[in-house]
Amino acid sequence: MPAPATPKAELIEVFSSIQGEGVLVGHRQVFVRLAWCNLDCAYCDTPFAKQDQCLIETRPGCAAFEAVTNPVSLELLLERLKSWLERLPGAHHSLSMTGGEPLVQVDVLEEWLPVLRRYLPIYLETNGTMVAELQRVLSHLDWISMDIKLPSVTGALPLWDNHNEFLRLARTRNCFVKAVVSEKTPDEELRTTARLLSETAPEVPLILQPVTTTAGIKLSAAQLLEMQAQVAAIHPAVRIIPQTHHFLSVL
Ligand code: SF4
């Protein structure tokens, strides 16, 4: 019986750029943005709806794209990835699987990640809610950037239990947690987040990421310092890092 074909992925875009968030800020990565998400956050500005075509940079970092038909095969992605790595040896730290929520396509990730990981370490950017799906691919991951979604920012119901179960698994890899905060974030949400990390994964850094746009950050320095102090009293491993790619004008 012939071996089953490797599943294809619904992708939005593939490009090379600088990581603008979290503890790996400043590292260059290949970004693979997958379609679909299981959440619907109020502040979301990420295009994740399924598209007929995926946009792939014609050269790494050139910001010019070619369109390829979705779904995309692993072979096509590997061909581009290998040529980018040959063109820029040593330039890329890791391969960022981002979204949307990449774990929605866990059937694809299960097959793709062991192959892609032969070329670059795998960095998963995730909203930190799909626990069973994470379990299926955990052994193929090198880095996990896990969000904690605060109801005051997402406009959705709290997801504390989901995040807690997810963090129990994620902490077994190189992991950090990111929470997007705004001027509407109540102190109680910050304290709940800090307690969750302190009790479940005290070694894991928490990044408070103020909502950042090209116009800047609405939260004042004093407000950010106060937020950091409140969290640090419960979970000392807390840093303030905005989304830096807005300032660098990179993708
Ligand atoms: S989890 Fe991320 S991609 Fe999904 S809706 Fe929220 S902000 Fe958008």
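> Quick one: what's the story with the sheet that holds strand 8 (residues 174–181), residue by residue and with numbers?
Across the sheet, ten strands lie side by side as 4-3-1-2-5-6-7-8-9-12; this open sheet has mixed pairing. Bordering the open sheet on either side are strand 4 (65–69) and strand 12 (238–240), each of which pairs with just one other strand. Across the sheet, the axes of successive neighbouring strands diverge by a mean angle of 20 degrees, strand direction being ignored. Sheet topology note: the strand 5 (residues 94–98)/strand 6 (residues 122–126) ladder contains three bridges and is parallel. Residue L95 lies in a different strand from strand 6, and its bridge partner there is I122. Packing against the sheet, helix 7 (residues 221–232) makes contact with strand 8, strand 9 (206–210) and strand 12, and its axis sits at approximately 170 degrees to strand 12.

> Residue-level account of the packing of aromatic side chains, with values.
Centre distance and the angle of the planes are the two values used to describe a pair of aromatic rings. Across all of its chains, the model carries one aromatic pair by this definition. Here the aromatic rings of F15 and F31 are separated by 5.1 Å at their centres, their planes lie at 10 degrees, and the arrangement is stacked. Of this pair, F15 sits in strand 1 (residues 11–18) while F31 sits in strand 2 (residues 28–34), and the two are 16 residues apart along the sequence. F31 carries the same exposure label as F15, and that label is buried.

> Explain the layout of surface pockets to me, using residue names and the numbers behind them.
Within this model, the largest pocket holds a volume of roughly 1,000 Å³. In terms of lining residues, the largest pocket is bounded by 40 residues, among which E21, R33, D45, T46 and Q243 are the most central. Of all the secondary-structure elements, those providing two or more residues to the lining of the largest pocket are strand 1, strand 2, strand 6, strand 7 (143–147), strand 8, strand 9, strand 10 (212–213) and helix 8 (245–248). It is strand 1 that provides the largest number of residues to the lining of the largest pocket, a total of three residues. Its residues assigned to classes, the lining of the largest pocket comprises 15 nonpolar, 15 polar and ten charged.

> Hey, could you go over helix 6 (residues 187–200) for me, with residue numbers and the actual values?
Taking 1.5 Å of rise per residue, 14 residues should cover 20 Å, and helix 6 covers 20 Å from first to last C-alpha, within 8% of that figure. Of the positions making up helix 6, those classed as buried are E189, L190, T193, A194, L196, L197 and T200. Projection of helix 6 onto a plane perpendicular to its axis shows the buried side chains occupying an angular sector of 155 degrees, all on one side. In this structure, the buried side of helix 6 is in contact with helix 4 (151–154), helix 5 (160–170), strand 8, strand 9 and helix 7.

> Would you mind going over the nonpolar core in detail, with residue names and values included?
By size, the foremost hydrophobic cluster in this structure holds 61 residues, and its most contacted members are M97, L116 and L134. Residues Y123, F176, I207 and I241 belong to the second largest nonpolar core, which totals five residues.

> Can you explain the site of the ligand? Please cite residues and give values.
Taken together, C37, L39, D40, C41, C44, F48, G100, N127 and K149 form the complete shell of residues around the ligand. Structurally, the ligand is housed in the largest pocket. When the residues that make up the shell around the ligand are grouped by side-chain class, the tally is five nonpolar, two polar and two charged.

> An account of empty space enclosed by the protein is requested, with residue identities and associated values reported.
The rolling of a water-molecule-sized probe over the atoms marks out the regions of remaining empty space. A complete count under the given rule lists one cavity of 30 Å³ or more for this structure. Estimates place the volume of the largest cavity at around 40 Å³. For the largest cavity, the full set of lining residues is Y43, D147, I148, K149, L150, V153, T154, K178 and V180. Of all the secondary structure elements, the ones that give two or more residues to the lining of the largest cavity are helix 4 and strand 8. Partitioned by chemical class, the residues of the lining of the largest cavity number five nonpolar, one polar and three charged.

> Talk me through unusual backbone geometry; I want residue IDs and the actual numbers.
In this chain, N70 is followed by P71 through a cis amide linkage whose omega measures -5 degrees. Structurally, the position occupied by P71 is in the loop between strand 4 and helix 1 (74–87). For the bond from G99 to G100, the omega torsion is 15 degrees, close enough to zero to count as cis. Examined against the element boundaries, G100 turns out to sit in the loop between strand 5 and helix 2 (106–116). Its identity as a non-glycine residue notwithstanding, W36 has a phi of 80 degrees, on the positive side. Here W36 lies in the loop between strand 2 and strand 3 (53–57). At A63, a residue that is not glycine, the phi angle is positive and equals roughly 65 degrees. Using a relative accessible area of 47% as the deciding quantity, one classes A63 as partly exposed.

> Any chance you could break down the pairing of strand 6 for me, citing the residues and the numbers?
The side chains of a regular strand alternate, first on one face of the sheet and then on the other. Of all five residues making up strand 6, five are buried, and the element is well covered by its neighbours. By the alternation rule, side chains of strand 6 split into I122, L124 and T126 and Y123 and E125, which are all buried. With helix 2 bridging strand 5 and its parallel neighbour strand 6, the resulting β-α-β unit is right-handed. As paired strands, strand 6 and strand 7 are joined by four bridges and run parallel to one another. Bridging from a neighbouring strand, Y123 pairs with W143 of strand 7. In terms of handedness, the path from strand 6 via helix 3 (residues 131–137) over to strand 7 forms a crossover that is right-handed.

Rules and cut-offs
Residues numbered from 1 in each chain as written. Predicted model: local features only at pLDDT ≥ 70, side-chain atom pairs only at ≥ 80, totals over all residues. Heavy atoms only, no water. Pairing = 2+ DSSP bridges. Helix = DSSP H or I, 4+ residues; strand = E, 2+ residues; numbered from the N terminus. Axes fitted to C-alpha atoms, helices over the stretch in contact; angles between N-to-C directions. Contact = heavy atoms within 4.5 Å. Phe/Tyr/Trp six-rings, centres within 6.5 Å; stacked < 30°, edge-to-face > 60°. Buried < 20%, exposed > 50% of the residue type's maximum accessible area, 1.4 Å probe, protein only. 1 Å grid on protein atoms, 1.4 Å probe; cavity = no way out; pocket = protein on both sides within 12 Å on 5 of 7 lines; lining within 4 Å. Points joined across faces, edges and corners; volume = space filled by probe spheres on them. Nonpolar A, V, L, I, M, F, W, Y, C, P; charged D, E, K, R; others polar. Expected span 1.5 Å × (residues − 1). Arc of directions from axis to C-beta. Core = buried A, V, L, I, M, F, W, Y, C linked by side-chain atoms within 4.5 Å. Near = heavy atom within 4 Å. Sits in = over half its atoms within 2 Å of the grid points. Right-handed = clockwise from strand over helix to strand, strands pointing away.

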